[in-house]
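# A look at the structure
Below, each chain spelled out in residue letters.
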Amino acid sequence: MKLVYPAIFTPFKGSHGYTVEVPDLPGCVTEGSSLIEAIEMGEDAASGWILDEIEDGNDYPAPSEFQDLIFPAGSFVNLLVLDLDAYAAKYGSKTVRKNITIPAWLNTYGEKHNLNFSKILQDALLATAQTNE
């Protein structure tokens, strides 16, 4: 899943860095010592913010319209592209327990061959998710 959020970039006084605030995500503020680093840090911070909400079972705010943002003089708005699937694959840590039902013979087969049912299901779901993108 990819999302786009507007962020406000405010230059540091007397240097080349920027503070980055994502107004739709309360408390989501970061900075970078260059514009490129500030964009990367903004994408990382926003992705982490949203992933935390998803892992906690919460909804996350919809992004504001770019043109609706009000920002201080000297600042500017840029869009951040968040690749939540890639971010979750790299940093996602929360797991959930699922109870599944399989035929008894398949359970016997899996146990006899020391198969990791969770790993097999995860791999199948990831393959399906990648195919459907």
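See the structure shown above.
Analysis parameters
Residues numbered from 1 in each chain as written. Predicted model: local features only at pLDDT ≥ 70, side-chain atom pairs only at ≥ 80, totals over all residues. Heavy atoms only, no water. Pairing = 2+ DSSP bridges. Helix = DSSP H or I, 4+ residues; strand = E, 2+ residues; numbered from the N terminus. Axes fitted to C-alpha atoms, helices over the stretch in contact; angles between N-to-C directions. Contact = heavy atoms within 4.5 Å. Core = buried A, V, L, I, M, F, W, Y, C linked by side-chain atoms within 4.5 Å. Buried < 20%, exposed > 50% of the residue type's maximum accessible area, 1.4 Å probe, protein only. Lys, Arg positive; Asp, Glu negative; His and termini not counted. Salt bridge = Lys/Arg side-chain N within 4 Å of Asp/Glu carboxyl O. Polar contact = N/O pair within 3.5 Å; in protein donor to acceptor, adjacent residues only side chain to side chain. Expected span 1.5 Å × (residues − 1). Phe/Tyr/Trp six-rings, centres within 6.5 Å; stacked < 30°, edge-to-face > 60°.

The strand order across the open sheet built from four strands is 3-2-1-4, with neighbouring strands paired in antiparallel fashion. Lying at the two open borders of the sheet, with one neighbouring strand each, are strand 3 (29-32) and strand 4 (76-83). This sheet shows a mean twist of 35 degrees between the axes of neighbouring strands, independent of strand direction. Pairing between strand 1 (residues 2-11) and strand 4: eight bridges, direction antiparallel. Bridge pairing in strand 4 places L3 opposite L82. Those strands touched by helix 1 (residues 35-55) are strand 1, strand 2 (18-21), strand 3 and strand 4, and its axis lies near 55 degrees from that of strand 4.

The next point concerns the nonpolar core. Y5, F9, V22, L25, I50 and L82 are the most contacted members of the largest nonpolar core, which totals 18 residues. If you list the elements that add at least two residues to this core, you get strand 1, strand 2, helix 1, strand 4 and helix 2 (84-91). The element that contributes the greatest number of residues to this core is helix 1, accounting for five residues.

Side chains of strand 3 alternate between two faces, with T30 and G32 buried and V29 and E31 left unburied. Examined bridge by bridge, strand 2 and strand 3 share four bridges and lie antiparallel to one another. Opposite T19, over in strand 3, you have E31 as the bridge partner.

Along the chain, D24 falls in the loop between strand 2 and strand 3. Salt bridges are absent for the buried D24, whose nearest opposite-charge side chain, K2, sits at 19 Å. A distance of 2.4 Å separates the side chain of D24 from the side chain of S64, its partner in a polar contact. Residues in contact with D24, not counting those within four places in the same chain, are Y5, P6, P61, A62, P63 and S64.

Spanning 21 residues, helix 1 covers 30 Å between terminal C-alpha atoms, matching the ideal 30 Å at 1.5 Å per step. All buried positions along helix 1 are accounted for by A38, G42, A46, S47, G48, W49, I50 and L51. On its buried face, helix 1 sits against strand 1, strand 2, strand 3, strand 4 and helix 2. After helix 1 finishes, the residue G57 shows a positive phi value of roughly 80 degrees.

Applying the stated criterion to the full structure yields two aromatic pairs. Between F9 and F76, the ring centres sit 5.3 Å apart and the planes meet at 10 degrees, which makes this aromatic pair stacked. A residue pair is termed long-range when its members are at least 10 positions apart, and F9 in strand 1 and F76 in strand 4 qualify at 67 residues. When the ring of Y18 is compared with that of F76, the centres are 5.9 Å apart and the planes differ by 80 degrees; the resulting orientation is edge-to-face. A residue pair is termed long-range when its members are at least 10 positions apart, and Y18 in strand 2 and F76 in strand 4 qualify at 58 residues.

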